[in-house]
Amino acid sequence: MIPTPHIESKNKDEIAKTVIMPGDPLRAKFIVDTFLADVKQFNKVRNVFGYTGTYRGRRISVMASGMGMPSIGIYSYELYKFYDVENIVRIGSCGGYTPEVKLYDVILAKDAWSESSYAKVQSGYEGDIIEGTPELNRSLINYANELGIPIHIERIHTSDVFYRENFDEYKEIYEKYGCVAVEMEAFALFHNAKVLGRNASCLLTVSDNLATKEITTSEERQNAFTNMMKIALEMAE
Ligand code: HPA
């Protein structure tokens, strides 16, 4: 069933087996402009840009997910199910829940805890923790080691809400579930990969810290985020 309602490519071969997914379409464009050669754009529906190119001669795609589980839920499902994508590596920002994760540190999400109904509504899955794909995680850990980029391998919180009335709730989520940081997409991505028999991982860079109240500026982020991009790009084949 291609094209899909949200991806206009009429040819599966236009999309590589591995897709790197930042949230922001302009970050997808930044990755492509900075790192890829032989680039062809395969999607611009809703400005959710998708591109395929080569990284050091190896093929890889980059497509934005938008923000939140409903959005990444749509794009990752269509890529896995209708475009035969095998691996999706989300790269995003997160808010640290503990001073142990510092601004610009890179976190690989071992698994994601969420209070969201996404998995229950999608397939009836009642659990509240979903793992990233261990083999894909292992590859990313190896690439990070080879590149000399330190990473935390931890549980994260995937939240439906960015602005909570009770700001201090994060302390309980950290203590009760062991989530070291919060973002808004991984739980849905991991769930889709699981139900469709595909692979998903999530690399995050700490853009703010709820415990220390530190924040980064948008210019600082653009540069600091290249570490996690370089790790993910090594998945090119
Ligand atoms: N909450 C949710 N998602 C985020 C945050 C946050 O504080 N920071 C970066 N992504």
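It should be noted that the structure appears before, not after, this text.
Here's a quick rundown of the structure. Given the structure is predicted, the values throughout are model-derived calculations rather than measurements.

## Looking at helix H4 (residues 134-147)
Moving on, step 1. Between its first and last C-alpha atoms H4 spans 20 Å; for 14 residues at 1.5 Å apiece the expected length is 20 Å, and the two agree.
Moving on, step 2. Tucked into the core, H4 has its buried residues touching strand S5 (87-96), strand S6 (106-113), strand S8 (151-158), strand S10 (199-209) and helix H8 (226-233).
Moving on, step 3. A positive phi of about 70° marks Gly 148, the residue just after H4.

## Thoughts on the environment of Tyr 83
Moving on, step 1. Its place among the elements puts Tyr 83 in the loop between helix H2 (69-82) and S5.
Moving on, step 2. The spatial distance from the C-alpha of Tyr 83 to the C-alpha of Glu 14 is 9.0 Å, given a sequence separation of 69 residues.
Moving on, step 3. Ignoring anything within four residues of it in the chain, the contact list for Tyr 83 reads Ile 2, Pro 3, Thr 4, Ile 7, Glu 8, Ser 9, Lys 12, Ile 15 and Glu 78.

## Here's the deal with the nonpolar core
Moving on, step 1. Grouped together as the largest cluster of nonpolar side chains are 39 residues, with contacts concentrated most on Leu 79, Ile 107 and Phe 190.
Moving on, step 2. When residues of this core are traced back to their parent elements, those giving at least two are strand S1 (18-22), H2, S5, S6, helix H3 (118-123), strand S9 (179-183), helix H6 (186-196) and S10.
Moving on, step 3. With near-sequence residues (within four places) excluded, Ile 107 lies in contact with Cys 94, Val 101, His 152, Glu 154, Ile 156, Val 180, Ala 181, Cys 202, Leu 203, Leu 204 and Val 206.
Moving on, step 4. Counting residues in each nonpolar core, the second largest holds 28 residues, with Val 89, Leu 108, Ile 149 and Ile 231 among its members.

## Observations concerning the pairing of S8
Moving on, step 1. Relative to S8, S6 runs parallel, the two sharing seven bridges. Looking at S8, one finds that Asp 111 is bridged to Arg 155.
Moving on, step 2. Summarising the sheet, S8 and S9 pair through three bridges and their orientation is parallel. Bridged to Thr 158 within S9 is Glu 183.
Moving on, step 3. Between S8 and its parallel partner S9, the chain crosses via helix H5 (residues 169-177), and the hand of that crossover is right-handed.

So, how was this worked out
- Residues numbered from 1 in each chain as written.
- Predicted model: local features only at pLDDT ≥ 70, side-chain atom pairs only at ≥ 80, totals over all residues.
- Heavy atoms only, no water.
- Helix = DSSP H or I, 4+ residues; strand = E, 2+ residues; numbered from the N terminus.
- Expected span 1.5 Å × (residues − 1).
- Contact = heavy atoms within 4.5 Å.
- Core = buried A, V, L, I, M, F, W, Y, C linked by side-chain atoms within 4.5 Å.
- Buried < 20%, exposed > 50% of the residue type's maximum accessible area, 1.4 Å probe, protein only.
- Pairing = 2+ DSSP bridges.
- Right-handed = clockwise from strand over helix to strand, strands pointing away.

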